[in-house]
Amino acid sequence: MSTTTIKPSGNPGGPGDRPARSELQGARLPRWSPYVIAVGSLAVACGIGLAAGLDSRIQWGLIAAVLFVGVSYALAATVEGARQAKNHLATSLVWVTFLLAVVPLASLIYETVKRGSEVFDGYFLTHSMGVVADDEPGGGVYHAIIGTLQQVGLASLIAVPIGVLTAIYLVEYGRGKLAKAVTFFVDVMTGIPSIVAGLFVLSFWILILGFDFSGWAGAMALSILMMPVVVRSTEEMLKLVPNELREASLALGVPKWRTILKVVLPTAIGGITTGVMLAVARIAGETAPVLLLVFTTPLINTNPFDGAQGSLPLYIYQQYASGNQAGYDRAWAAALALILFIMILNLVARGIARWKAPKTGR
């Protein structure tokens, strides 16, 4: 009995004629090519800037960005084809726009740290300008730090509870015309200029009711600016909480208010905290309401309900407007103190939010 041996077929689709991996893939640029293109673009841009007599380094950077995008697209189109070239073009534009956003921020931080560190020390943080003229060296920012801390703290005590509760109403309970009206007015308040909020409190609190300038008056104006940011950010974070969590809690017989308190808010606490920090960062640098309502004083005033107070934004403006080197140094140091204040507050709030966030069990 003869034995027949079956050999694998030689059709193109069979495993016997499977093409090599290199035949399935087109030519590709090496992974290190973007770095080489970036270095080459910078070198060519520097040469063009020197040859054309361009003094601004910003112009050199813009030329390098245009060269980087153009060369990346041209090489990708030549080596990999038009489809991959479009992908390289989009990637290059993303990197260029990212650098355009980061470079000014990094430059601002570098310049503030460089100039502010000249007089930023323990003496500067623990002394006021009570006996020092604006054109004299020395003095400090202690009175302005006290004023800013109290005014921002009071504004937060007003705005955060109202903003969070308003967002809870809009997401969990709001239906009908009232919710639409609240949403509309929150959107309108988001675009209110700070000077308008200051004028409103000035006309009502000081001119009509007859109260004096104080940190409390400034805090009320700052809370008006802070509330819409808190409402909007909290509302969006609450919408991201899965409905399954609410339904599971309600199915166990838990009341809705307790579900919101124990399930919804802890789940969204990270985003809510970030929104509150954004609102604090906005009002901490406001000058117009402080100038209208708090006024200013070079002396230390620890009572925000009586008399004028200092504040960091207004202190920076006054020292820079003095027009002398001592004032410039104090203005930069106060700007550094304001940045550090926002950064420390943000880190502390994030730590508290992480501590209070629900455990995932992973």
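Remember, predicted model here, so these are calculated numbers, not experimental data. (Residues numbered from 1 in each chain as written. Predicted model: local features only at pLDDT ≥ 70, side-chain atom pairs only at ≥ 80, totals over all residues. Heavy atoms only, no water.)

Scanning the protein from N- to C-terminus turns up 14 helices and 0 strands. Helices and strands in the protein line up, N terminus first, as α-α-α-α-α-α-α-α-α-α-α-α-α-α. Counting only C-alpha atoms and orienting by the principal axes, one finds that the protein spans roughly 115 × 75 × 40 Å. Sorting the 362 residues of the protein into buried and exposed places 35% on the buried side. Excluding contacts between residues fewer than 6 apart, the proportion of contacts in the protein whose partners are at least 24 apart in sequence is 70%. With the model as given, the accessible surface of the protein reaches about 21,700 Å², and the carbon-plus-sulfur share is 68%. Positive and negative charge centroids in the protein, built from 26 and 20 side chains respectively, lie 17 Å apart. (Helix = DSSP H or I, 4+ residues; strand = E, 2+ residues; numbered from the N terminus. Buried < 20%, exposed > 50% of the residue type's maximum accessible area, 1.4 Å probe, protein only. Contact = heavy atoms within 4.5 Å. Areas by Shrake-Rupley, 256 points an atom, 1.4 Å probe, with all protein chains shown as cover. Lys, Arg positive; Asp, Glu negative; His and termini not counted. Charge placed at Lys NZ, Arg CZ, Asp CG, Glu CD.)

Here we come to the domain arrangement of the protein. Domain boundaries in the protein define domain 1 (32–117) and domain 2 (141–356). Each of domain 1 and domain 2 was reduced to a C-alpha centroid, and the two centroids are 38 Å apart. Taken together, the contact pairs 6 residues of domain 1 with 5 residues of domain 2. Taking both sides of the interface into account, the surface hidden between domain 1 and domain 2 amounts to around 530 Å²; carbon and sulfur atoms contribute 78%. If you sort the residues of domain 1 by the area they bury against domain 2, T112, R115 and G116 come out on top, with a joint share of 76%. (Domains from an automatic or database assignment. Buried area = accessible area lost by both parts, 1.4 Å probe.)

Moving on, we come to the environment of N301. With respect to the helices and strands, N301 occurs in the loop between α12 (288–294) and α13 (312–321). In this structure N301 touches I146, Q150, D306, G307, A308 and Q309, once residues within four positions along its chain are discounted. In terms of polar contacts, N301 uses its side chain to reach the backbone amide nitrogen of N303, at 3.0 Å. Reaching out from N301, the side chain makes a polar contact with the backbone oxygen of A308 at a distance of 2.8 Å. (Polar contact = N/O pair within 3.5 Å; in protein donor to acceptor, adjacent residues only side chain to side chain.)

Contact geometry for helix α3 (residues 57–79) and helix α4 (residues 82–116): axes closest at 8 Å, N-to-C directions at 165°. By the criterion of interaxial angle, the relationship of α3 to α4 is roughly antiparallel. Crossing hand, α3 versus α4: right-handed. Along its contact with α3, which presents L62, A65, F68, V69, S72, Y73, A76 and A77, the element α4 presents Q84, A85, K86, H88, L89, S92, L93, V96 and L100. (Axes fitted to C-alpha atoms, helices over the stretch in contact; angles between N-to-C directions. Parallel < 35°, antiparallel > 145°, perpendicular 65-115°, else oblique. Left-handed = near helix turned anticlockwise from the far one by under 90°.)

The final tally for this structure, using the stated rule, is 8 aromatic pairs. Measuring from centroid to centroid gives 6.4 Å for F200 and F204, while their planes differ by 5°, and the two rings are stacked. Placement of both F200 and F204 in helix α8 (residues 194–208) is noted, with a separation of 4 residues, approximately one turn of the helix. Seen from their ring centres, Y320 and Y328 are 4.8 Å apart, and the 40° between their planes marks the pair as tilted. Seen from the ring of W60, R57 lies directly overhead, with NZ or CZ sitting 4.5 Å from the centre. (Phe/Tyr/Trp six-rings, centres within 6.5 Å; stacked < 30°, edge-to-face > 60°. Lys NZ or Arg CZ within 6 Å of the ring centre and 35° of its normal.)

Here we come to the nonpolar core. Judged by nonpolar contacts, the single largest core of 49 residues is most densely connected at V201, M226 and L238. Setting aside its immediate chain neighbours within four residues, M226 contacts A155, S156, A159, V160, V276, A279, V280 and I283. Judged by nonpolar contacts, the second largest core, of 5 residues, contains I37, A65, F68 and V96. (Core = buried A, V, L, I, M, F, W, Y, C linked by side-chain atoms within 4.5 Å.)

Any two side chains of opposite charge can pair, so long as their charged atoms come close to each other. Overall, the coordinates contain 5 salt bridges when judged by the stated rule. In this structure, R232 and D187 form a salt bridge, with 2.6 Å as the shortest nitrogen-oxygen distance. Separated by 45 residues along the polypeptide, R232 in helix α9 (residues 215–239) and D187 in helix α7 (residues 176–190) bring together distant segments of the chain. The exposure class assigned to R232 is partly exposed, which follows from its relative accessible area of 23%. A relative accessible area of 39% means that D187 is categorised as partly exposed. Here E235 makes a salt bridge to K239, at a shortest N to O gap of 3.5 Å. (Salt bridge = Lys/Arg side-chain N within 4 Å of Asp/Glu carboxyl O.)

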